[in-house]
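# Secondary and tertiary structure notes
Here is how the chains run, residue by residue.
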Protein chains: 2
Amino acid sequence: MPSASPGQLWSVDEHLEDILSTVQPLDPIELQLLDAQGCVLVEDVTVPVSLPPFDNSSMDGYAVRVADVAGASEEYPAVLTVIGDVAAGQAEQPAVGPGQAARIMTGAPVPPGAEAVVPVEWTDGGLGGGPVSGMRAHSAAPEAAFGEVRVHRPAAARAHVRAQGSDVRAGDRALSTGTVLGPPQIALLAAIGRGTVRVRPRPRVVVVSTGSELVQPGEALGQGQIYDSNSFALAAAARDAGALAYRVGAVSDDAETLRSTIEDQLIRADLIVTTGGVSVGAYDVVKEALSGIGDPDEESGLGAGGGVEFRKLAMQPGKPQGFGSVGPDHTPLLALPGNPVSSYVSFELFVRPAIRTLMGLAGDAVHRPTTRAVLRSDKALTSPAGRRQFLRGAYDAGAGAIDPVGGSGSHLIAALAQADALIVVPEAVTSVEPGTEVDVVLLG
Amino acid sequence: MPSASPGQLWSVDEHLEDILSTVQPLDPIELQLLDAQGCVLVEDVTVPVSLPPFDNSSMDGYAVRVADVAGASEEYPAVLTVIGDVAAGQAEQPAVGPGQAARIMTGAPVPPGAEAVVPVEWTDGGLGGGPVSGMRAHSAAPEAAFGEVRVHRPAAARAHVRAQGSDVRAGDRALSTGTVLGPPQIALLAAIGRGTVRVRPRPRVVVVSTGSELVQPGEALGQGQIYDSNSFALAAAARDAGALAYRVGAVSDDAETLRSTIEDQLIRADLIVTTGGVSVGAYDVVKEALSGIGDPDEESGLGAGGGVEFRKLAMQPGKPQGFGSVGPDHTPLLALPGNPVSSYVSFELFVRPAIRTLMGLAGDAVHRPTTRAVLRSDKALTSPAGRRQFLRGAYDAGAGAIDPVGGSGSHLIAALAQADALIVVPEAVTSVEPGTEVDVVLLG
């Protein structure tokens, strides 16, 4: 942690680095396959049994011996005795001798003695006529598993046979540690018989908004009150980032209430996010409630954590920020400013990477993708010197351009709902002319 | 529906068009805000109350009259009488008369009489010394809400005041019908006081795999058996597409069992997806169980649906497909082939667009994004004439290139887990040379 003097501004990068060097990936647990969707694998998975586990047919047809169908044609078909069906999932297969065929279904094991499969469309299907387009259902015509079949074409050895191990072989590496489990990876794990898998769980993120002025949406607004939007926005954003989010209704500006609320939530929190109460006012309850904690002698309760440090960052919006840990498990806590745009931008810059680090993601996967785009605007953007400014924008991928949406005010939530990107104006830049290329964070 | 003759192949586009012209968006319901995340809005939302609802302070500081601080400097400060605090959420505010100031917090209403806010950093904070960096907490120093304050700088009228309605005005359109509700949209809805919102719900998708050879992952594999991977893969893929997925364990190849299983699931299904049993074999249970249904005289049970049509598509993998509706509510049903790669590709091409149509998405949002990329390969790709082939690939966005992964076999599930894109080889093309530009479906 850089030893910033009280009045010194932290850079965005210093604050982020402090967070990412402190927050550790969650301990792995064994989860059912579908519960592990979206999680990071924490084992190298080896294939226990080759896929396919046995030679099997890739077609519905007849399992035959190559010599028996050599030279067969529609005019001079090979006539074979059908000795029964080989269906998928059937444990015992009849042996195919000279002059014999077994009717076989896609995926069924190639029976002993057979060397190739001829598709049913290359045969008379046992009906004694021309080529057929399919088999009669066994339930409707069980006798079709026996009798004679006329084969109209020859087949090379192994034709329409999927060889054992042609997909993966026992002992191969199926998936490596660090892989994110999407549907295709879950498909592979199921296919090799894994019912459970070792992953890092989704982080449980508790979002607490603070402010005596906050009213739950849907209720009536009194004098001097506004609706609580941060707890909803950040709970939704936490889920989008991959977390399980718990929204805690707005807490009034009372330090003791806030402390006990957070202490109550510790049991289900891998990360705590608060909004509001972090600035320089006389009622900044988060700062008041959490500044004093972190006593190394305490062994339980909120105060047993590492403590929370409140900082000023060289950024706009989002200057006041708190970061640290609380409670006996040193649960990380990020205290964001209360303005809706400030808290949302702060979430994107600091909380999202923290959540994704807890998930076990690394490198680029921790961060939103960034790109460069040409500023498309009637007038120059202005930005305070010495602050990294994050403006809301609408990204036009086709044109490689970005249009600013709304102004720089940190209370402009309507514009935020029209934006899908953040325009980054570096600390040293105070004005950006239209047509200039700028850094853009894509909010996805 | 094109009137294809029995042996005729349907094109991929004809089959998709049939699905998308049949499947209708789900009826809208009113949901709690966080339950509506990811859903499509089905109302034009108007702002009921301007944001901010009242003039409020953008800083922690002092609410003053402009004339009282005109010409103030650190050397010649304006000395004002502090008449109390204005905190956020406080219903009553003291009126600020000439020579007076109210200590005010960010977000608190500008009290009557005051014309501007001076930040606390421009004052002595009531301490009688130089400029301060913040206020003392009210709980620790309640007396600081009264006394005298020295203001070191003048303030223009409305300085640090956020005007009522400067974000959005009552009567403005906040969000339009058709908007997908992500975190910023949820933020706006909460901010304007909406506790619930009218959206199309997430579709409930029931996934049923069929096959007597299928064993649940984690159990022991017997002779001729393989693990069920499709129900896991497609349940995961359905969730990725935005659905609530219900996985039904593998059903054996018995038509009556399958019919009763599907009938049981109707109660919780907006869409049913089956895998396997759709080809030309004698044990193709899905085809057998569902071909005969769709009796217009039936009023209840599975048979009351519109019926399921089984087709051959001009594609590889995924040639045999079924589509139709079952049960009294004409619940749409897609019957996919059973090979893992076939079913996964079929899901991407047909089921995902159906799910997204049920969600109320339209246009590009229904489909995976596509792009063009240069084939990067040692040898040419081959593809059967008259079939649209979908090969698995790994997309390199930086190079604008695509590398084929694995072969064309529809059982190659290990390669699927390494792919993030599908390479599309058109019907008329039988060979694609390295360096050729190809269509690519990005699997995201």
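Residues numbered from 1 in each chain as written. Chains lettered and ligands numbered in written order. Predicted model: local features only at pLDDT ≥ 70, side-chain atom pairs only at ≥ 80, totals over all residues. Heavy atoms only, no water.

### Description of the relation of the copies chain B and chain A
You can overlay chain B on chain A at an RMSD of 0.0 Å; the transform is a turn of 180° with a shift of 0.0 Å along its axis. These values place the two chain copies in the arrangement generated by a two-fold rotation axis. With an isologous cut-off of 70% or more, the 100% of interface residues of chain B that recur at the interface of chain A puts this contact in the isologous class. (Least-squares fit on C-alpha atoms with pLDDT ≥ 70 in both. Contact = heavy atoms within 4.5 Å.)

### Examining the interface of chain B and chain A
Residue-level contacts link 83 residues of chain B with 83 residues of chain A. Across the chain B/chain A interface, buried area totals approximately 6400 Å², and carbon plus sulfur atoms make up 62% of it. Between the two partners, chain B and chain A, sit zero salt bridges. Our count for the chain B to chain A interface comes out at 34 residue pairs in polar contact (both at pLDDT 80 or more). Within the residue set of the side of chain B that touches chain A, elements represented by two or more residues are strand 12 (173-175), helix 3 (183-191), strand 16 (226-227), helix 4 (230-241) and helix 8 (413-416) of chain B. Here the side of chain B that touches chain A gets eight residues from one element, more than from any other, and that element is helix 3 of chain B. Looking at the side of chain B that touches chain A residue by residue, the classes come out as 44 nonpolar, 23 polar and 16 charged. (Buried area = accessible area lost by both parts, 1.4 Å probe. Salt bridge = Lys/Arg side-chain N within 4 Å of Asp/Glu carboxyl O. Polar contact = N/O pair within 3.5 Å; in protein donor to acceptor, adjacent residues only side chain to side chain. Helix = DSSP H or I, 4+ residues; strand = E, 2+ residues; numbered from the N terminus. Nonpolar A, V, L, I, M, F, W, Y, C, P; charged D, E, K, R; others polar.)

### Some words on the packing of helix 4 (residues 230-241) of chain A against helix 7 (residues 340-358) of chain A
All names here are of chain A. It is the contact of helix 4 with helix 7, at a shortest axis distance of 10 Å, that shows an interaxial angle of 30°. As judged from the angle between their axes, helix 4 and helix 7 are roughly parallel. By crossing handedness, the relation of helix 4 to helix 7 is classed as right-handed. From helix 4, Asn230, Leu234, Ala237, Ala238, Asp240 and Ala241 reach across to helix 7, where they touch Pro340, Ser343, Tyr344, Phe347, Arg352, Ile355 and Arg356. (Axes fitted to C-alpha atoms, helices over the stretch in contact; angles between N-to-C directions. Parallel < 35°, antiparallel > 145°, perpendicular 65-115°, else oblique. Left-handed = near helix turned anticlockwise from the far one by under 90°.)

### Quick look at the packing of aromatic side chains
The full count for this structure, using the stated rule, is zero aromatic pairs over all chains. Over the ring of A:Trp10 we find A:Arg311, and its NZ or CZ is 3.5 Å from the ring centre. In this structure, B:Arg247 is placed above the aromatic ring of B:Phe232, and the distance from its NZ or CZ to the ring centre is 3.9 Å. (Phe/Tyr/Trp six-rings, centres within 6.5 Å; stacked < 30°, edge-to-face > 60°. Lys NZ or Arg CZ within 6 Å of the ring centre and 35° of its normal.)

### Comments concerning the pairing of strand 22 (residues 331-336) of chain A
All names here are of chain A. The element strand 22 is largely enclosed, with a buried count of six among its six residues. The two faces of strand 22 match: Thr331, Leu333 and Ala335 on one face and Pro332, Leu334 and Leu336 on the other face are all buried. Judged from the four bridges that link them, strand 18 (residues 271-275) and strand 22 form a sheet pairing that is parallel. Following the sheet pairing, Thr275 is matched in strand 22 by Leu336. Note: strand 21 (residues 320-326) against strand 22, five bridges, orientation antiparallel. (Buried < 20%, exposed > 50% of the residue type's maximum accessible area, 1.4 Å probe, protein only. Pairing = 2+ DSSP bridges.)

### Things to note about the sheet that holds strand 10 (residues 146-151) of chain A
Residue and element names in this part refer to chain A. Spatially, 9-6-8-7-10 is the arrangement adopted by the five strands of the open sheet, whose pairing is mixed. Taken across any chain shown, the strands that pair with only one partner, and hence form the sheet edges, are strand 9 (116-119) and strand 10. Recorded for the sheet is a direction-independent mean angle of 40° between the axes of neighbouring strands. Relative to strand 10, strand 7 (residues 78-86) runs antiparallel, the two being bridged by six bridges. Paired with Ile83 across the bridge in strand 10 is Phe146.

### Some remarks on the domain arrangement of chain A
Under the domain assignment used here, chain A contains domain 1 (9-26 + 203-366), domain 2 (30-52 + 165-200), domain 3 (56-162) and domain 4 (370-442). Put simply, the middle of domain 3 of chain A and the middle of domain 4 of chain A, counted by C-alpha atoms, are 67 Å apart. (Domains from an automatic or database assignment.)

### Re the environment of B:Ser212
Within the secondary structure, B:Ser212 is located in the loop between strand 14 (204-210) and strand 15 (214-215). By relative accessible area, B:Ser212 is classed as partly exposed at 31%. Residues in contact with B:Ser212, not counting those within four places in the same chain, are A:Ala88, A:Gly89, B:Ser252 and B:Asp253. Looking at B:Ser212, its side chain comes within polar contact range of the main-chain nitrogen of B:Asp253, at 2.9 Å.

### Re the environment of B:His367
Residue and element names in this part refer to chain B. Its location among the elements puts His367 in the loop between helix 7 (340-358) and strand 23 (370-375). Note on His367: relative accessible area 34%, which makes it partly exposed. C-alpha of His367 to C-alpha of Arg200: the two residues are 167 residues apart in sequence and 18 Å apart in space. Discounting chain neighbours no more than four positions away, the residues touching His367 are Leu16, Leu20 and Pro353.

### Focus on the packing of helix 1 (residues 12-22) of chain B against helix 7 of chain B
Residue and element names in this part refer to chain B. One way to put it is that helix 1 packs onto helix 7 with a least axis distance of 10 Å and a crossing angle of 25°. Relative to helix 7, the element helix 1 is oriented roughly parallel. Read as a crossing pair, helix 1 and helix 7 show a hand that is right-handed. Each of Val12, His15, Leu16, Ile19 and Leu20 in helix 1 lies in contact with helix 7, whose residues at this interface are Leu349, Phe350, Pro353, Ala354 and Thr357. For the contact of helix 1 with helix 7, the residue count by class is eight nonpolar, two polar and no charged.

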